[in-house]
Amino acid sequence: MTSVSRTPFLALGLGVLALAGCTTTGMIGEAPADRQEPDPLPPPPPFVAAPAQLNLLTPAQYRNAVRDIFGGDVTVGQPAPVDQREAGFFMVRTSTIVLAPDGANRYQEEASRIAAQLMAPGPIRERVMPCTPTGVVDDGCASQFLSRYGRLLYRRTLTEAELQRHLRLAREGARLPGIEDFYGGLEAAIMAQLQSPFFLYRHEIGEPLDGTSDTLVVNGAELASRLSFFLWNTTPDEALLDVAESGGLDTAEGLEREVRRMIEDERARAGIANFFSEMLELEKDGGVKDSVVFLHANAELAGDARRETLMTIEDHVFDQDADYRDLFTTRRTFVNRRLAALYAVPAPVIGDGFALYTHPDDSPRRGILGQASFLAPHASPTDASPTRRGAFVRAVLLCQEIPPPPANVETDLAGRSAELPLREQLSEHRDNPVCASCHALMDPIGFGFQHFDGIGQYRRVERQFLFDDQGNVARDEDTGDRLVAREHEIDASGELDGVAFESASELAEAIRNHPALPSCLVRSMYRYATSHADLPSEEAQLRELQRAFITGGYRIKELLVSVALSEGFRHANGLRGDDSGSDEERN
Amino acid sequence: MAKRTLTRRTVLKGLLGGATVTLGLPMFDLFCNDNGTALADGQAFPKRFGVWFWGNGVIPDRWAPTDLDPRTVLPGEPAWVPSRQLELLTPVQRDVTVITGANIMSNVREPHIDGTTSFLSGVPLGSSRDAVSSAPTIDAVAANAIGSTSPFPALRVKVEPGGGRPVSWNGLDQVNTPVSDPYELYRSVFFDGGYRPNQPPTIDPRWQLQESALSAVGDELAALRSQLGAHDRHRLAEHETHVRELELLLLRRREAPAVLEACDYPDEPSRDYPTVDSRVQMQERHRALARVLAMALACDRTRVVHTVFTAEGSEIRFPGIADGHHNLSHKVSADAQALLVDASRYIVGEYAFFVEQLASIQEGDCRLIDNMALLGTSGCSLGATHGLENHPILVAGAAGGRLVPGRHVRTVGANASKVAFSLLRAVGAGVSAYGAAEAHVVDGLSEMEA
């Protein structure tokens, strides 16, 4: 192993630091490297691959796979949901989720609807059928169809037994009274393939690396699936399966060539969008915002904001191939008319579309944390929330866990008068030691965003409206103007682990330069790519990837390559974790 | 069989509208025998179970009803006066027992999920914030015991659209996903499988294809399972079980249903619920869902229903309140408390609406609610502290004579698990023990039982 702790930058924030108890001193790398030499982290244990896995497809992966295989004109409804995040990612949750009865029911309904669409007379059937049947039963034609699409759905060539089973379904189905139709019979086989665990789960059996260790190599077709869902968020195409099944992924050179081809493919843009979408929690919309408190609130805001952020990231990663950290300070963004109105910037001239816009250098709005996709969801329906915004920066961007509030502590702010600015109301968090230990990690970051209201619009002052007894903003009877209870000047100063800032713009710099930022991205990317919560035995692998990311200039495309080529991505532990050899099924 | 034409309600009105009457028996015993009145084929009406959940608690100090001096209470009349939070129970007061003073027992505190797991599954939460308790929730226990012969073993809905912390699961990592769209619920319960109330179904020859596909799926699940480690083998075994059950369920959904007098199509729900004054139309959504659920019970499409009005941590904005509910629940100023009382009152009003729906359905000489137990509860007591003491617990229905509705049961720190134990016993899903660690009990709460 090369030395890991030589660079102080590296030693900081490498691990997921659980801030248990939230003692504010000495817990996190609170000082930048040039100010305080931190203790070097102890060397990690030798790398051992994680157990082989079984990952349920996410609803998006199911949809993408069906549409990539059968065509974009096939309608896919709601496959079984992934209920929650694990270690920050739905992708990780897919390795532990247990399908519930409603999930099995949804898969059945979807399979039935999709099969019916494929086999109904019309253009879809004409496109997907590789042959014309000669009668109600035509095993040759059915076999052509089922082996071709079965391979795409199962992401490997079907075994002879599988193909015969599906052929039998088609044959018997075609002869059923009331069906008596070749295509009807084929529907039964398609339904079976669409509900098969070989389609619904990414399953890894692997092959032994050698005769002496428990290490498995994720084999060709399995590795193709790993790559494809990591980089494209969809199923491997025929070309990738061909490469995999002919051994093209078995050498480092072959694998790298394929990975680089995949990253340059259009689908990588959607795939990496999905990674950031999961990491940045972009599916959250912050609920229904009060459209009188926030005059620019509208039903399209959440969708627009998500698109802005994903376009910014796509531009940054693929078109600029820029430093990851600059994503937090960039002035470049993409806005449509509604977002231009929200941000008070010139609207793009082209109709309803998005266009590149560069914020001026003196704008407080910088980077993806200056966008509504972050500012609006991490706020309440009527106001901003420094605590939630700060918590997001800590947990998601710096990989530092913040424990939940202790039991039976009144988390009340209203002991402080609501007439005070929010910063003063939140002072309880600082003055009460029970609260302070954790809130000191969140609120001072969040204050930096106070110039942005609950939907992300810039404001010079914090304004509290009067509400009537309907819970709606009160208006002046004569003028119709909203009645303001009070206004306060905003103090957006704060500090992030020893770096003081006066504004959102300076906070953006502080986040950009925080040593935990790049290592956290690497950890997140690794989790997502391998689709499991990283284990202590993988720490050595993570440090290697983190080092490569930093020395390589923080380029995300190169990170994708190094993750895909890493042992952690290509190997699995043959002991399969909890496998004690005994059958523990609770059936 | 002699058919009574008077509903209990009209009798009651007649009695109370006239001269002072003394009734020796509670109304339930007068009209409903202890086994429920028989169906046409001689079988008793089935017992049903439901959960009705809301997030962020109540104001527990101002929740309990005021007890009346028993000497001043007319027989058959409620012996308690609802608090403001409980006020909208008034029309259904005889059908609802309010249990106060009970505590949820949990040694692990994870705000907004510890209460749900410790009470509704009886197992205090594990150490991970992401994990969901390892024991099934009470609705899943009931569905296994009394729902396994229904076309839908359970129907679960969530009124506030969108995600949120789970309230129902079958075991570790196996969360039941509710339906939020009233029209989708209506369509699947009343049209899937060619169903027609009280008539044989419309037969579709494609059913045979679906059934043969499912049975092949079961075989492939078994094939893959044998190659995996224990954890993943368990996951696929569960999947396989659900596929095998689904084969049976599809058959059952396609059978000719029993003829039930009260069964009919519910009103067709609206397909769209736009926000009004920047608010989700909670009442409209809930009532549409509640009507479908009530009729699904009346038609015996299911025997177990589960409603999540809002999830723990919800920032829903209720009428008359500017702030999001969760945000507000963390404030203890007098103004905030008054608004939270209004929020609880509104929530309880929707629970009462569902009880009213269930009470309006006649089953022989009884009403549906007489054959049911409907638990109403939240994930914490006082939102501001995420408290689990003096937990809000409502129980509607008589469960075929096993529970005594209409009471205020005032306990002093009773283990809330006892309520769950009593409920399961009452609906015929009895367990010998409920809950683990400090939530563990081996008996029910006798004061709520008949």
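Just so you know, these numbers come straight off a predicted model, no measurement behind them. (Residues numbered from 1 in each chain as written. Chains lettered and ligands numbered in written order. Predicted model: local features only at pLDDT ≥ 70, side-chain atom pairs only at ≥ 80, totals over all residues. Heavy atoms only, no water.)

A look at the overall build of chain A
- Broken down by element type, chain A carries 26 helices and 13 strands.
- When each of the 587 residues of chain A is scored for burial, the buried share is 59%.
- Contacts spanning at least 24 positions in sequence make up 70% of the contacts within chain A whose residues lie at least 6 apart.
- Carbon together with sulfur atoms contributes 51% to the accessible area of chain A, which is approximately 22800 Å² in total. (Helix = DSSP H or I, 4+ residues; strand = E, 2+ residues; numbered from the N terminus. Buried < 20%, exposed > 50% of the residue type's maximum accessible area, 1.4 Å probe, protein only. Contact = heavy atoms within 4.5 Å. Areas by Shrake-Rupley, 256 points an atom, 1.4 Å probe, with all protein chains shown as cover.)

Here we look at the overall build of chain B
- On a plain count of helices and strands, chain B comes out with 11 helices and 13 strands.
- Taking all 450 residues of chain B together, the buried fraction comes to 61%.
- Counted over contacts in chain B with a minimum sequence separation of 6, partners at least 24 positions apart contribute 71%.
- Surface summary for chain B: the accessible area is close to 16500 Å², and the carbon and sulfur share equals 52%.

Focus on the packing of aromatic side chains
- Per the stated rule, a full pass over the model turns up 31 aromatic pairs over all chains.
- Between B:Tyr183 and B:Tyr186 the ring centres are 5.7 Å apart and the planes differ by 50°, which places this aromatic pair in the tilted class. Note that B:Tyr183 and B:Tyr186 are positioned in helix H5 (residues 182-190) at a spacing of 3 residues, about one turn of the helix. With respect to burial, B:Tyr183 and B:Tyr186 carry one shared label: buried.
- Of the aromatic side chains, those joined through ring pairs into one cluster are B:Trp52, B:Trp54, B:Trp63, B:Phe309, B:Phe318, B:Tyr346 and B:Tyr351.
- Sitting over the face of the ring of A:Phe198, A:Arg156 holds its NZ or CZ atom 4.6 Å from the ring centroid.
- Directly above the aromatic system of A:Tyr554 lies the positively charged group of A:Arg325, at a separation of 3.7 Å from the ring centroid. (Phe/Tyr/Trp six-rings, centres within 6.5 Å; stacked < 30°, edge-to-face > 60°. Lys NZ or Arg CZ within 6 Å of the ring centre and 35° of its normal.)

A few points about the sheet that holds strand S5 (residues 215-217) of chain A
Residues and elements named next belong to chain A.
- With antiparallel pairing, the 3 strands of this open sheet are ordered in space as S4-S5-S13. Looking at strand neighbours, the two that pair on one side only are strand S4 (207-208) and strand S13 (571-573), the edges of this open sheet.
- Here 3 bridges tie S5 to S13, and the two strands are oriented antiparallel to one another. If you follow Val217 over to S13, its bridge partner there is His571. (Pairing = 2+ DSSP bridges.)

Quick word on the pattern of salt bridges
- Considering all chains together, one arrives at 61 salt bridges over all chains under this definition.
- The shortest N-O distance in the salt bridge between A:Glu256 and A:Arg260 comes to 3.0 Å. On the criterion of helical spacing, the pair formed by A:Glu256 and A:Arg260 is a turn pair, its members being 4 residues apart in helix H12 (residues 252-264).
- On the basis of relative accessibility, which here comes to 34%, the residue A:Arg260 falls in the partly exposed class.
- One salt-bridge network, held together by shared partners, links B:Asp219, B:Arg225, B:Glu240, B:Arg244 and B:Glu247. (Salt bridge = Lys/Arg side-chain N within 4 Å of Asp/Glu carboxyl O.)

Considerations on the nonpolar core
- Residues A:Leu227, A:Phe230, A:Leu280, A:Tyr324 and A:Leu397 are the most contacted members of the largest nonpolar core, which totals 71 residues.
- Looking at this core element by element, the count peaks at 8 residues for helix H23 (residues 516-530) of chain A.
- By size, the runner-up hydrophobic cluster in this structure holds 67 residues, among which are A:Leu99, A:Ala111, A:Tyr154 and B:Val243. (Core = buried A, V, L, I, M, F, W, Y, C linked by side-chain atoms within 4.5 Å.)

Re the environment of A:Ser213
- The topology assignment puts A:Ser213 in the loop between S4 and S5.
- Considered as a pair, A:Ser213 and A:Asn573 are 360 residues apart in the sequence and their alpha carbons are 9.1 Å apart.

Here's the deal with the sheet that holds strand S13 (residues 408-410) of chain B
Residue and element names in this part refer to chain B.
- Pairing within the open sheet is mixed, and its 7 strands lie in the order S5-S8-S1-S11-S12-S4-S13. Only two strands of the sheet have a single partner each, and these edge strands are strand S5 (155-158) and S13. Strand-to-strand, the axes of this sheet are offset by a mean angle of 15°, without reference to chain direction.
- Of the strands in this sheet, strand S1 (48-54), strand S11 (372-378) and strand S12 (393-396) are in contact with helix H3 (residues 114-121), which crosses S11 at around 160°. (Axes fitted to C-alpha atoms, helices over the stretch in contact; angles between N-to-C directions.)

Quick word on helix H4 (residues 101-119) of chain A
- Here H4(A) spans 27 Å end to end across 19 residues, near enough to the 27 Å set by a 1.5 Å rise per residue.
- Of all the 19 residues making up H4(A), 14 are buried; the element is thus mostly covered by neighbouring parts of the structure. (Expected span 1.5 Å × (residues − 1).)

Section: the state of the cysteines
- Counted by the stated rule, this structure contains 3 disulfides over all chains.
- A sulfur-sulfur separation of 2.1 Å characterises the disulfide bridge that pairs A:Cys131 with A:Cys141. Here the disulfide of A:Cys131 and A:Cys141 is right-handed, its torsion about the S-S bond being about 95°. With A:Cys131 in the loop between helix H5 (123-128) and helix H6 (139-154) and A:Cys141 in helix H6, the pair connects residues that are 10 residues apart, well separated along the chain.
- With a relative accessible area of 16%, A:Cys131 lands in the buried category.
- Residue B:Cys263 pairs covalently with B:Cys299 via a disulfide, S to S 2.0 Å. (Disulfide = S-S within 2.5 Å.)

Quick notes on the interface of chain A and chain B
- Taken together, the contact between chain A and chain B spans 86 residues of the former and 72 residues of the latter.
- The interface formed by chain A and chain B contains 5 salt bridges.
- One salt bridge in this structure joins A:Arg165 and B:Glu220, with 2.8 Å as the shortest N-O distance.
- Inspection of the chain A/chain B interface yields 25 residue pairs in polar contact (both at pLDDT 80 or more).
- Mapped onto the side of chain A that touches chain B, the elements with two or more residues apiece are strand S2 (54-56), H4, helix H7 (160-175), helix H8 (182-195), helix H9 (197-200) and strand S3 (201-203) of chain A.
- With 10 residues, H4(A) is the single largest residue contributor to the side of chain A that touches chain B.
- Within the side of chain A that touches chain B, the residues separate by chemical class into 36 nonpolar, 26 polar and 24 charged. (Polar contact = N/O pair within 3.5 Å; in protein donor to acceptor, adjacent residues only side chain to side chain. Nonpolar A, V, L, I, M, F, W, Y, C, P; charged D, E, K, R; others polar.)

Side note on the environment of B:Pro124
All names here are of chain B.
- Along the chain, Pro124 turns up in the loop between H3 and helix H4 (138-146).
- Owing to a relative accessible area of 13%, Pro124 belongs among the buried residues under this scheme.
- Spatially, the C-alpha atom of Pro124 lies 7.6 Å from that of Met105, the residues being 19 residues apart in sequence.
- When residues no more than four places from it in sequence are discounted, the contact partners of Pro124 are Met105, Ser106, Asn107, Thr117, Ser118, Ala436, Ala437 and Glu438.

Regarding the packing of helix H13 (residues 266-279) of chain A against helix H14 (residues 301-319) of chain A
Residues and elements named next belong to chain A.
- Between H13 and H14, the least distance of the axes is 10 Å, while the angle of their chain directions is 125°. With respect to each other, H13 and H14 are oriented oblique. The two elements H13 and H14 cross, and the hand of that crossing is right-handed. Contact residues: Ala268, Arg269, Ile272, Ala273, Phe276 and Ser277 in H13; Leu310, Ile313, Glu314, Phe318 and Asp319 in H14.
- Broken down by class, the residue content of the contact of H13 with H14 amounts to 7 nonpolar, 1 polar and 3 charged. (Parallel < 35°, antiparallel > 145°, perpendicular 65-115°, else oblique. Left-handed = near helix turned anticlockwise from the far one by under 90°.)

Brief notes about the pairing of S5(B)
Residue and element names in this part refer to chain B.
- Burial along S5 is two-sided: Leu155 and Val157 facing one way and Arg156 and Lys158 facing the other are all buried.
- By the bridge criterion, 4 bridges tie S5 to strand S8 (residues 304-308) in an arrangement that is parallel. If you follow Leu155 over to S8, its bridge partner there is Val305.

Quick word on unusual backbone geometry
- The residue A:Asp321 is not glycine, and still its phi comes out positive at about 45°.
- Looking at the element boundaries, A:Asp321 is found in the loop between H14 and strand S6 (332-335).
- Residues other than glycine seldom take positive phi values, yet B:His386 does so here, at roughly 55°.
- Along the chain, the position of B:His386 falls in the loop between S11 and S12.

What about the packing of helix H6 (residues 206-225) of chain B against helix H7 (residues 230-253) of chain B?
Residues and elements named next belong to chain B.
- Viewed as axis vectors pointing N to C, H6 and H7 meet at an angle of 165°, and their least axial separation amounts to 9 Å. The angle between the axes of H6 and H7 places the two elements in the roughly antiparallel class. Once H6 is placed against H7, the crossing between them reads as left-handed. Where H6 abuts H7, its residues Glu211, Leu214, Ser215, Val217, Gly218, Asp219, Leu221, Ala222, Leu224 and Arg225 lie against Arg233, Leu236, Ala237, His239, Glu240, Val243, Arg244, Leu246, Glu247, Leu250 and Leu251.
- Split into classes, the residues belonging to the contact of H6 with H7 amount to 11 nonpolar, 3 polar and 7 charged.

Topic: H14(A)
Residue and element names in this part refer to chain A.
- The first and last C-alpha atoms of H14 sit 26 Å apart over 19 residues, in line with the 27 Å expected at 1.5 Å per residue.
- Every buried residue of H14 is listed here: Leu301, Asp304, Ala305, Glu308, Thr309, Thr312, Ile313, Asp315, His316, Val317 and Phe318.
- Where H14 is buried, its residues meet H12, H13, S6, helix H15 (337-343), helix H16 (372-375) and helix H25 (556-565).

In short, geometric facts, not functional conclusions.
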